[in-house]
Amino acid sequence: MKHQSRPIVVVKRRKHKGHGGGGGHGSWKIAYADFMTAMMAFFLVMWLISIASPKELTQIADYFRTPLAQAITGGQRIADSESPIPGGGDDVTQQQGEVKKQPNIDELKKRMDDTRLRKLRGDLDQLIEADPKLRALRPHLKIDLVQEGLRIQIIDSQNRPMFKTGSAEVEPYMRDILRAIAPVLNGIQNKISLSGHTDDLPYAGGERGYSNWELSADRANASRRELVVGGLDDGKVLRVVGMAATMRLADQGADAALNRRISLLVLNKKSEEAIVHENAESENQSLSAIEQPGAVPPVTEPTQQQPGTR
């Protein structure tokens with residue numbers, strides 16, 4: 001009996017991908033993670049841009065415009081070598097080639113000094129705006145950053161003088177200004193220089209007697225006393241000078257009120273050191289000692305006092 005072969009039937013069953021499981025359902029997580037990484041990098045770049053100075057932003061922009069040209073001619077970089085391509089030298093396993101520059105300590109000190117002075121200016125502006133009495137006197141105050149530091153000028157006017165005519169007696173409104181700003185000046189470690197200025201009207205006795213030189217110096221010192229009464233720390237004032245009528249603000253006649261003023265200068269460190277060096281005898285040598293090579297400054301022997309003298 002002959003055996004009949006049956007056909008082989010192959011059944012293919014397709015698997016239906018459900019929503020709750022199966023391959024491919026986590027692909028959105030990878031895309032989301034990439035998106036979050038990109039957003040984090042974006043905000044990091046924005047934060048770095050916000051804290052960069054305008055000069056640094058300009059340098060960065062110039063670099064991305066012409067990176068190779070900036071590498072060759074862009075001046076000082078973070079390395080001392082002349083190679084336009086930063087690297088580790090001929091042998092990257094050796095500690096040679098590119099050498100990082102040491103931070104400029106003087107430049108860092110100057111930046112910190114400028115930051116303190118700008119903050120002081122902001123504090124003074126807030127103080128003036130918060131006090132109605134000082135806000136009314138705002139036209140008499142001139143505050144600006146100068147090369148030597150932060151300068152605060154209290155300017156006279158015909159209708160409201162700072163001092164009694166021809167004297168160093170402080171008027172009440174001038175006293176209010178000085179005593180109000182004294183505590184704010186204590187918030188910064190910088191020293192202060194005070195200078196008094198007068199108009200061109202001379203005294204009857206001329207330069208031989210009491211003149212604008214004495215008057216300007218007396219007014220500057222009277223301002224110093226008011227600052228101390230207002231709470232200014234001892235030793236904060238480095239210099240008090242009278243300038244008479246040598247430094248004019250306006251050329252409007254001999255009795256121009258704008259020229260009668262008190263200038264209070266919060267010194268930066270460079271200006272402070274210059275004043276100390278100028279006036280400290282130990283820091284200066286005579287020209288004869290400097291001009292003679294190898295010359296040693298003479299040593300002065302202490303003089304012995306005679307009995308009964310001092």
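What comes next concerns the included structure.

Cut-offs used in this document
Residues numbered from 1 in each chain as written. Predicted model: local features only at pLDDT ≥ 70, side-chain atom pairs only at ≥ 80, totals over all residues. Heavy atoms only, no water. Patch = residues over 30% accessible without salt bridge, like charges linked within 9 Å, V, L, I, M, F, W, Y side chains within 5 Å. Areas by Shrake-Rupley, 256 points an atom, 1.4 Å probe, with all protein chains shown as cover. Salt bridge = Lys/Arg side-chain N within 4 Å of Asp/Glu carboxyl O. Helix = DSSP H or I, 4+ residues; strand = E, 2+ residues; numbered from the N terminus. Axes fitted to C-alpha atoms, helices over the stretch in contact; angles between N-to-C directions. Parallel < 35°, antiparallel > 145°, perpendicular 65-115°, else oblique. Left-handed = near helix turned anticlockwise from the far one by under 90°. Contact = heavy atoms within 4.5 Å. Nonpolar A, V, L, I, M, F, W, Y, C, P; charged D, E, K, R; others polar. Buried < 20%, exposed > 50% of the residue type's maximum accessible area, 1.4 Å probe, protein only. Pairing = 2+ DSSP bridges. Right-handed = clockwise from strand over helix to strand, strands pointing away.

**What about a nonpolar patch on the surface?**
Taken together, the side chains of Phe-42, Phe-43, Val-45, Met-46, Ile-49, Leu-57, Ile-60 and Phe-64 present a nonpolar region at the surface, about 790 Å² in accessible area. Top contributing element to the nonpolar patch by residue count: helix α1 (residues 27-51), with five residues. Position of Phe-42 among the secondary structure elements: in helix α1.

**Topic: the packing of helix α6 (residues 172-185) against helix α7 (residues 212-229)**
Across the interface, α6 lies against α7 with an axial gap of 7 Å and an inter-helix angle of 55°. Considering the angle they form, α6 stands oblique to α7. In the packing of α6 onto α7, the handedness of the crossing is right-handed. Note on element contacts: α7 touches α6 through Ser-223, Glu-226, Leu-227 and Val-229, opposite Met-174, Arg-175, Leu-178, Arg-179, Ile-181, Ala-182 and Leu-185. Residues that form the contact of α6 with α7 fall into these classes: seven nonpolar, one polar and three charged.

**What to know about the pattern of salt bridges**
Between side chains of opposite charge, a pair can form when the charged atoms approach closely. Under the definition given, this model contains 15 salt bridges. Residues Asp-114 and Lys-110 are paired through a salt bridge, measuring 3.1 Å at the closest nitrogen-oxygen approach. Taken together, the positions of Asp-114 and Lys-110, both in helix α4 (residues 105-130) and four residues apart, correspond to about one turn of that helix. With relative accessibility at 23%, the residue Asp-114 sits in the partly exposed group. Take Lys-110: its relative accessible area is 48%, and that puts it in the partly exposed class. Look at the salt bridges and you will find they share partners, linking Asp-156, Asp-199 and Arg-260 into a network.

**Topic: the pairing of strand β4 (residues 237-242)**
By the bridge criterion, five bridges tie strand β3 (residues 192-197) to β4 in an arrangement that is parallel. By the bridge assignment for β4, Ser-195 is matched with Val-241. In the classification by handedness, the crossover that spans β3, the intervening α7 and the parallel β4 is right-handed.

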